[in-house]
Amino acid sequence: MGAVRPTTPLDRVAGAHDAAVLAVARRGDSVSRADLARALQVTPQAISKILGRLIGRGVMTEAGTIVSGPGKPTTLYRIVPSSRRAIGLHLTRSRVRGVVVDLTGEILERRELEIGRLQPVPELIETLALEARALAEVGSGELLGAGVGMPGPVDWGEGVYRGTAQPDPWRGASIRQLLLEELGLPVLLDHDSRAALVGETWSQPGLLDDAALVLVEDGIGASLCLDGNIVRGAHSHAGEAGHTVVRMDGVPCSCGRHGCAQAEYQAALEAGDEELAARILATIVVNLVRLVDVDRVVLGGRTVYTHHSASMDAIRDALAVGLRAEPWVHVEVMLSTRGTDLIAVGAACEVLEHEYGIPQALVGPG
Ligand SMILES: [Zn+2]
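Residues numbered from 1 in each chain as written. Predicted model: local features only at pLDDT ≥ 70, side-chain atom pairs only at ≥ 80, totals over all residues. Heavy atoms only, no water.

- In the nomenclature of an unreviewed UniProt entry, the chain corresponds to Transcriptional regulator from the organism Brachybacterium alimentarium.
- Its UniProt record gives the chain the following Sequence similarities (unreviewed entry) comment, quoted word for word: "Belongs to the ROK (NagC/XylR) family." (UniProt positions renumbered as here; feature names shortened; annotations may be inferred.)

**Some details on the overall build of the chain**
- Within the chain one finds 11 helices and 15 strands.
- Overall size of the chain, expressed as C-alpha extent along the three principal axes, is 75 × 55 × 35 Å.
- Counting only contacts in the chain whose residues sit at least 6 apart along the sequence, the fraction spanning at least 24 positions is 62%.
- Averaging the positions of the 34 positive and the 45 negative side-chain charges in the chain gives two centres separated by 5 Å. (Helix = DSSP H or I, 4+ residues; strand = E, 2+ residues; numbered from the N terminus. Contact = heavy atoms within 4.5 Å. Lys, Arg positive; Asp, Glu negative; His and termini not counted. Charge placed at Lys NZ, Arg CZ, Asp CG, Glu CD.)

**Some words on the coordination of the zinc ion**
- Coordination of the zinc ion by the protein comes from His-243 (ND1), Cys-253 (SG), Cys-255 (SG) and Cys-260 (SG), over a distance range of 2.0 to 2.3 Å.
- Of note, the donors binding the zinc ion are all from one chain and are spaced H-x9-C-x1-C-x4-C. Of this pair, His-243 sits in the loop between strand S13 (229-230) and helix H7 (261-270) while Cys-255 is found in the loop between S13 and H7, placing the two residues 12 residues apart along the sequence. (Donors = N, O, S within 2.8 Å, 3.2 Å for Na, K, Ca; no water.)

**Observations concerning the sheet that holds strand S5 (residues 95-102)**
- Pairing is mixed across the open sheet formed by 5 strands, whose spatial order is S6-S5-S4-S7-S10. The sheet is open, and its two borders are formed by strand S6 (107-114) and strand S10 (187-191), each paired with just one other strand. With strand direction ignored, the average angle separating the axes of adjacent strands in the sheet is 15°.
- Strands strand S4 (84-91), S5, S6 and strand S7 (142-150) of the sheet are contacted by helix H4 (residues 121-136), whose axis makes an angle of about 145° with S4.
- Lying on the sheet, helix H5 (residues 175-183) is in contact with S7 and S10; it crosses S10 at an angle near 150°. (Pairing = 2+ DSSP bridges. Axes fitted to C-alpha atoms, helices over the stretch in contact; angles between N-to-C directions.)

**Description of the side chain of Glu-217**
- Among the secondary structure elements, Glu-217 is positioned in the loop between strand S11 (211-216) and strand S12 (220-226).
- Look at Glu-217: it is buried, it has no salt bridge, and the nearest opposite charge is Arg-302 at 4.7 Å.
- Not counting chain neighbours up to four residues away, the residues in contact with Glu-217 comprise His-90, Thr-92, Gly-301, Arg-302, Thr-303 and Ile-343. (Buried < 20%, exposed > 50% of the residue type's maximum accessible area, 1.4 Å probe, protein only. Salt bridge = Lys/Arg side-chain N within 4 Å of Asp/Glu carboxyl O.)

**Section: helix H10 (residues 308-322)**
- Its 15 residues place the ends of H10 21 Å apart at the C-alpha level, agreeing with the 21 Å of an ideal helix rising 1.5 Å per residue.
- Here H10 has its buried residues at Ser-311, Met-312, Ala-314, Ile-315 and Leu-319. Across the axial projection of H10, the buried residues extend over an arc of 165°, all falling on one side.
- Buried-residue contacts for H10 involve helix H8 (274-292), strand S14 (296-300) and strand S15 (332-335). (Expected span 1.5 Å × (residues − 1). Arc of directions from axis to C-beta.)

**Notes on the domain arrangement of the chain**
- Partitioning the chain into structural domains gives domain 1 (9-79), domain 2 (82-196 + 342-355) and domain 3 (205-336).
- Look at where the C-alpha atoms of domain 1 and domain 3 centre, and you get two points 38 Å apart. (Domains from an automatic or database assignment.)

**A look at the pairing of S4**
- Most of S4 is tucked away, with 8 of its 8 residues classed as buried.
- The two faces of S4 match: Arg-84, Ala-86, Gly-88 and His-90 on one face and Arg-85, Ile-87, Leu-89 and Leu-91 on the other face are all buried.
- Direction of pairing for S4 relative to S7: parallel, over a ladder of 6 bridges. When the sheet's bridge partners are listed, Arg-84 is paired in S7 with Glu-142.
- Note that S4 and S5 share 7 bridges and pair antiparallel. Looking at S5, one finds that Leu-91 is bridged to Val-96.

**Topic: the pairing of strand S3 (residues 74-79)**
- Direction of pairing for strand S1 (residues 31-32) relative to S3: antiparallel, over a ladder of 2 bridges. Each bridged residue has a counterpart across the sheet, and for Ser-32 the counterpart in S3 is Leu-76.
- Bridging between strand S2 (residues 60-66) and S3 involves 5 bridges; their strand directions are antiparallel. Residue pairing across strands places Ile-66 opposite Thr-74, the latter belonging to S3.

Spelled out as structure tokens, the structure:
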């Protein structure tokens, strides 16, 4: 089994600066050294070194000059979106949604495949590889690898799907290793809600440093960004908000307990009680806000879009009641900017992040 590319502390500092410059460059047009120095609060000399590295790797380039007063004209720089590509695959029990994105996270192509039934692992790997190969045909930049986002529990570090308490043919499958052997490309495996949050931080750079993303697909998951870092936890399970209990002795859940938020939410929807389902979602959000003090909550996932107006109202009402004694606490609730592409795009963005020294469990051949 391949190892995660070693990242030294100095790599991380360099990677963080490179990533910060690219994050600024991703937002818009050409930038000068002075613009970048202001945005990163470092010296223009430091920016020159960073730009030298990024230009050397072909991910940024000079973009002409402007004259703004006497003296030497100012050189401008821009990102080269077509220089790199990454594939993102969103796997569920019944479908695979795939995208290939450029260096800025823009989608070059998307595909959707209904599987319709639960495939055994070898067949599943073939399906994922076929989708990835089709996406790899689009675009021209260096292909960095494929990211897979799927419902948990997933061990990000090991690249393994851990499985649920119910009979589960995918339980314990080393999806990352199997797919990497099949594709011959670096592969990364992550929990769908965490991939979604990475994708969202790319869409809203700098705004989600203390944020929760609540993902409602077949189940309910959450992911957290606290103090600017995406939280994974001791077992890579941080954010299993769907399996926090909202009713003692409630309906049985796939995890083996009773009254989990996810089981209660599904039972409410099956009973046609959208208002109760929205209140359960609101309870999860308020509990997260109380527990970890975030100022933004992003809602995403297929099921959210079907019921979003009831959900958003219920969440805003519950927050207004829950926080009424603390007028200094502001929490903004928003829908994901990425629609149903969110998880696939996020998994691709995780692959891109590895390119800039942000530690990611992307494992390549050899
Ligand atoms: Zn549960």
